[in-house]
Amino acid sequence: MDAAPLKEHLKQEGATLVGVGDVTIALAHDIIHLNRGIALAVNRGLGRETIEMLMKLQKAAEAWLKEQGFRTLLIPPDSDRIKGKYITKLYKFVSHKTVATCSGLGWIGKNGLIINKQYGSKLSWATVLTDAPLEADSPVTESQCGDCDLCVKHCPSGAVTGNIWSRGEPLKSIVNYEKCRSLKKERRLFEEKPNCGLCVTICPYSRQVRSGK
Ligand code: B12
Ligand code: SF4
Ligand code: SF4
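Residues numbered from 1 in each chain as written. Chains lettered and ligands numbered in written order. Predicted model: local features only at pLDDT ≥ 70, side-chain atom pairs only at ≥ 80, totals over all residues. Heavy atoms only, no water.

1. Side note on the site of ligand 3
Here's step 1: Around ligand 3, the surrounding shell consists of Gly109, Lys110, Asn111, Ile115, Cys145, Cys148, Leu150, Cys151, Cys203, Pro204 and Tyr205.
Here's step 2: Residue composition of the shell around ligand 3, by class: eight nonpolar, two polar and one charged.
Here's step 3: Shared between two domains, the shell around ligand 3 holds at least three residues of each, these being domain 1 (4-130) and domain 2 (150-207). (Near = heavy atom within 4 Å. Nonpolar A, V, L, I, M, F, W, Y, C, P; charged D, E, K, R; others polar. Domains from an automatic or database assignment.)

2. What to know about the pattern of salt bridges
Here's step 1: Scanning the entire structure with this criterion turns up nine salt bridges.
Here's step 2: As a salt-bridge pair, Lys56 and Glu13 come within 4.0 Å of each other at their nearest N and O atoms. Residue Lys56 is found in helix α2 (residues 48-67), and its partner Glu13 is found in the loop between α1 (4-12) and β1 (17-22); the two are separated by 43 residues along the sequence.
Here's step 3: Note on Lys56: relative accessible area 41%, which makes it partly exposed.
Here's step 4: Across the salt bridge formed by Lys172 and Glu169, the nearest N and O atoms sit 3.6 Å from each other. (Salt bridge = Lys/Arg side-chain N within 4 Å of Asp/Glu carboxyl O. Helix = DSSP H or I, 4+ residues; strand = E, 2+ residues; numbered from the N terminus. Buried < 20%, exposed > 50% of the residue type's maximum accessible area, 1.4 Å probe, protein only.)

3. Here we look at the nonpolar core
Here's step 1: Counting 33 residues, the largest nonpolar core has Val94, Trp125 and Leu129 as its most contacted members.
Here's step 2: Counting only elements with at least two residues in this core, the list comes to β2 (36-42), α3 (96-102), β4 (107-108), β5 (114-115) and β6 (124-130).
Here's step 3: The element contributing the most residues to this core is α3, with three residues.
Here's step 4: Among all residues touching Leu129, those that are not within four sequence positions of it are Val23, Leu27, Ile31, Leu34, Arg36, Gly37, Arg71, Thr72, Leu73, Ile75 and Val94.
Here's step 5: Of all hydrophobic cores here, the second largest spans 19 residues; its members include Ala3, Ile38, Leu40 and Ala60. (Core = buried A, V, L, I, M, F, W, Y, C linked by side-chain atoms within 4.5 Å. Contact = heavy atoms within 4.5 Å.)

4. Concerning α1
Here's step 1: Burial in α1 covers these residues: Leu6, Lys7 and Leu10. The buried residues of α1 occupy an angular sector of 100 degrees when the element is viewed end-on, so they sit on one face.
Here's step 2: Trailing α1 by a residue or two, Gly14 shows a phi angle of about 120 degrees, which is positive. (Arc of directions from axis to C-beta.)

5. So, the pairing of β1
Here's step 1: Taken across its six residues, β1 has five buried, putting it largely inside the fold.
Here's step 2: Sheet topology note: the β1/β2 ladder contains six bridges and is antiparallel. Across the sheet, residue Gly21 finds its bridge partner in β2, namely Gly37. (Pairing = 2+ DSSP bridges.)

6. Notes on the sheet that holds strand β3 (residues 72-75)
Two orientations exist for strands paired in a sheet by backbone hydrogen bonds: parallel and antiparallel.
Here's step 1: Sheet architecture is open: four strands sit in the order β1-β2-β6-β3, paired in antiparallel fashion. The two strands at the open ends of the sheet, each matched to only one other strand, are β1 and β3. The average angle at which neighbouring strand axes cross in this sheet is 20 degrees, direction not considered.
Here's step 2: Two elements, β3 and β6, share four bridges in a ladder whose sense is antiparallel. Each bridged residue has a counterpart across the sheet, and for Leu73 the counterpart in β6 is Leu129.
Here's step 3: With respect to the sheet, α1 is in contact with β1 and β2, its orientation differing from that of β1 by roughly 145 degrees. (Axes fitted to C-alpha atoms, helices over the stretch in contact; angles between N-to-C directions.)

7. Things to note about the environment of Arg36
Here's step 1: As for its position among the elements, Arg36 is in strand β2.
Here's step 2: In this structure the C-alpha to C-alpha distance between Arg36 and Thr130, which are 94 residues apart in sequence, comes to 5.4 Å.
Here's step 3: Not counting chain neighbours up to four residues away, the residues in contact with Arg36 comprise Val20, Gly21, Asp22, Val23, Val128, Leu129, Thr130, Ala132, Leu134 and Ala136.
Here's step 4: Among the polar contacts listed, one links the side chain of Arg36 to the backbone oxygen of Leu134, at a separation of 2.6 Å. (Polar contact = N/O pair within 3.5 Å; in protein donor to acceptor, adjacent residues only side chain to side chain.)

8. Quick word on the packing of α1 against α2
Here's step 1: Close contact between α1 and α2 brings their axes to 10 Å; oriented N to C, the two are set at 145 degrees. The crossing of α1 and α2 is right-handed. Counted together, Pro5, Leu6, His9 and Leu10 of α1 and Leu57, Ala60, Ala61, Trp64 and Leu65 of α2 form the full contact between these two elements.
Here's step 2: Classifying every residue of the contact of α1 with α2 by side-chain character gives eight nonpolar, one polar and no charged. (Left-handed = near helix turned anticlockwise from the far one by under 90°.)

Set out below in structure tokens:
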């Protein structure tokens, strides 16, 4: 089934990038029938408005697919804010990062984030799973960070290990999240944010673009 009309529709609704991945190998048995992952990205930081924008895009995808008789499962953009809800348990099984690499929209950088060649890691992501047999894009299978190690050198908490992601070893430890979370307020770039985000801004792929907001 041609995915182009759906992608076009979602871009008109405001998505910066839309990809479709075959996520079969990443799914738990219970949801194996929903084996197409639609990766949605917008070129802006993950604030309240961005979350609302991503949820609006998810609903647009859902309406489009349901009209044609297909099933969907919307994985919300953020989970830390809705701790305890059943849906957050799904992140362990299918994360936005997985769907993004399966959709060919980026690799997991040494900073542990999705790096898109055009937008770096400045994008915010959401996922829609569906049983619609949409034609899938080719997955990204290897890191393209190369010799760069700016995020490894400059992470103020020493959380970035330097390990390299590949689809063959997708869950290798890349960032020590305990260290990342424990960064003291005075060392953060923005005191009010739980993490400093330096590994986003220092990345050459992120620096080449201006955020939508
Ligand atoms: C919990 C959380 C955190 C925690 C822990 C980090 C973590 N585990 O990612 C903390 C608070 C530390 C954190 C920090 C940040 N976070 Co955060 N966080 C999340 C959250 C809510 C859940 C992540 C999670 O637990 N996933 C489950 C684990 C198992 O998967 P994963 O690590 O996400 O991804 C792995 C798999 O996808 C696998 N994989 C990749 N391809 C494939 C293919 C196959 C076939 C398979 C099997 C697996 C596989 O590789 C990935 C890396 O190991 C997500 C939103 C979400 N719902 O996903 C945002 C999210 C990951 N965070 C995001 C951001 C932006 C940040 C910060 C920059 C915050 C800031 N200051 O602005 C920092 C960056 C720190 C860093 N270097 O990673 C963005 C990342 C965007 C991007 N470009 O990648 C997300 C996706 C939110 C969003 N909706 O956009 N975060
Ligand atoms: S958010 Fe800051 S502390 Fe966490 S991994 Fe990135 S650079 Fe390191
Ligand atoms: S700063 Fe360099 S090593 Fe780190 S994610 Fe970006 S390209 Fe990869």
